[in-house]
Amino acid sequence: KAVVSTQSTGELAVMGVDEDVAHKSSDKDVEFDTLIGHLQDIVLEDGFQDLQDEFLSEHCEEFEKDKEKKLVYTEIYNDYITQIEGYISRRLKELHPSFQMDILLSLIQSRRDEVDPELFDTLASFADFVLFKETILNYKSQRD
C-alpha cells in the first residue's frame, strides 16, 4: 500500500512503494506505447494497405451476405491471417528487435481501453472471422 505525504521541504514523497516496481511499471508503459505507436504506423503504411487491398480484391467475390460459412471462407480467412500477421510481425521486428507477438497480444488485451478503437478493430479482424467477413463484404460493396 502506498502512502503519499508531504515532506518538510514541500515535496511529495511516496512511502512504501518499491522503486524497482515503479520503474518496471514505467518500462512496461514505455514498451506498450512504443509497440502501439509502431503498430499504428505499420497499418497506415502503403505496403500494408496494398497487401490488404490486394488480398480483399482477390477474394471478395467468394463472399456473400448469407449466414452460411462456406469451407472456402475458412481457407481464405486463414490465408489472410497468415499474410497480414506475417507482415505486421516482420515490420515490428524491424522496428523493435525484441518484439514478440504473444507479448503484444497480451498487452493489447489487458490494456484494450488504451488502444485506438480503429486500430483495435483492424487488429480484431485478424482474430475474429465475423469482423473479417464484414470487412471483406464492405470492401466488395464499395468496389461494386
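Scroll up to find the structure.
Residues numbered from 1 in each chain as written. Predicted model: local features only at pLDDT ≥ 70, side-chain atom pairs only at ≥ 80, totals over all residues. Heavy atoms only, no water.

> Is there a simple way to explain helix α4 (residues 101–110) in this structure?
Owing to its 3.6 residues per turn, the α-helix aligns residues three or four sequence positions apart on the same side. Within the sequence span of α4, burial applies to Met101, Leu104, Leu107 and Ile108. Axial view of α4: buried residues confined to an arc of 125°, hence all on one face. With respect to the buried face of α4, the exposed residues turned more than 90 degrees away are Asp102, Gln109 and Ser110. (Buried < 20%, exposed > 50% of the residue type's maximum accessible area, 1.4 Å probe, protein only. Helix = DSSP H or I, 4+ residues; strand = E, 2+ residues; numbered from the N terminus. Arc of directions from axis to C-beta.)

> I would appreciate a short explanation of the side chain of Glu45 in the present structure.
Note on placement: Glu45 falls in the loop between α1 (19–44) and α2 (46–59). Residue classification places Glu45 among the buried positions, given a relative accessible area of 19%. Every residue in contact with Glu45, bar those within four places of it in the chain, is listed here: Tyr87 and Arg91. (Contact = heavy atoms within 4.5 Å.)

> Could you clarify how one ought to interpret the packing of helix α5 (residues 117–127) against helix α6 (residues 129–143) in this entry?
Packed helix pairs are characterised by how far apart their axes lie and by the angle those axes make with each other. Axis separation between α5 and α6 bottoms out at 6 Å; the angle between their running directions is 110°. As the angle between them shows, α5 and α6 are arranged roughly perpendicular. Where α5 crosses over α6, the two elements pack in a sense that is left-handed. Of the residues in α6, those touching α5 at Ala124, Ser125 and Ala127 are Phe129, Leu131, Phe132 and Thr135. Partitioning the contact of α5 with α6 into residue classes produces five nonpolar, two polar and no charged. (Axes fitted to C-alpha atoms, helices over the stretch in contact; angles between N-to-C directions. Parallel < 35°, antiparallel > 145°, perpendicular 65-115°, else oblique. Left-handed = near helix turned anticlockwise from the far one by under 90°. Nonpolar A, V, L, I, M, F, W, Y, C, P; charged D, E, K, R; others polar.)

> I would appreciate a short explanation of the packing of aromatic side chains in the present structure.
Within this structure, the stated rule accounts for nine aromatic pairs. Judged by centre distance (6.0 Å) and plane angle (50°), the ring pair of Phe48 and Tyr87 falls under tilted. A residue pair is termed long-range when its members are at least 10 positions apart, and Phe48 in helix α2 and Tyr87 in helix α3 (residues 71–95) qualify at 39 residues. Residues Tyr77 and Phe132 carry aromatic rings whose centres are separated by 5.2 Å and whose planes lie at 50° to one another, so their mutual orientation is tilted. Placement of the pair is Tyr77 in helix α3 and Phe132 in helix α6, with a sequence separation of 55 residues. (Phe/Tyr/Trp six-rings, centres within 6.5 Å; stacked < 30°, edge-to-face > 60°.)

> Would you mind going over the pattern of salt bridges with me for this structure?
Where charged atoms from two side chains of opposite charge approach closely, those side chains can pair. Counted by the stated rule, this structure contains seven salt bridges. Salt-bridge contacts for Lys70 lead to Glu64; the nearest nitrogen and oxygen are separated by 3.4 Å. Within the structure, one salt-bridge network assembled from shared partners comprises Asp29, Arg111 and Glu114. (Salt bridge = Lys/Arg side-chain N within 4 Å of Asp/Glu carboxyl O.)

> Help me understand the environment of Lys65, please; the structure alone is not making it clear to me.
By secondary structure assignment, the location of Lys65 is in the loop between α2 and α3. Expressed as a C-alpha distance, the spacing of Lys65 and Lys133, which sit 68 residues apart in the sequence, is 8.8 Å.

> Teacher, can you tell me more about the nonpolar core here?
Most often, soluble globular proteins have nonpolar side chains that are buried together. Core analysis: the largest hydrophobic core is formed by 37 residues, its most contacted members being Leu39, Phe63, Ile88, Leu92, Leu104, Ile108 and Phe132. Elements with a minimum of two residues in this core: α1, α2, α3, α4, α5 and α6. Looking at which element gives the most residues to this core, the answer is α3, with nine residues. (Core = buried A, V, L, I, M, F, W, Y, C linked by side-chain atoms within 4.5 Å.)

> Can you help me understand the packing of α2 against α6 in this one?
Look at α2 against α6: their axes get within 10 Å of each other, and the N-to-C directions meet at 80°. Relative to α6, the element α2 lies roughly perpendicular. Only Phe132, Thr135, Ile136, Tyr139 and Arg143 of α6 make contact with α2, whose side of the interface consists of Asp53, Phe55, Leu56, Ser57 and His59. Taken together, the residues of the contact of α2 with α6 sort by class into five nonpolar, three polar and two charged.

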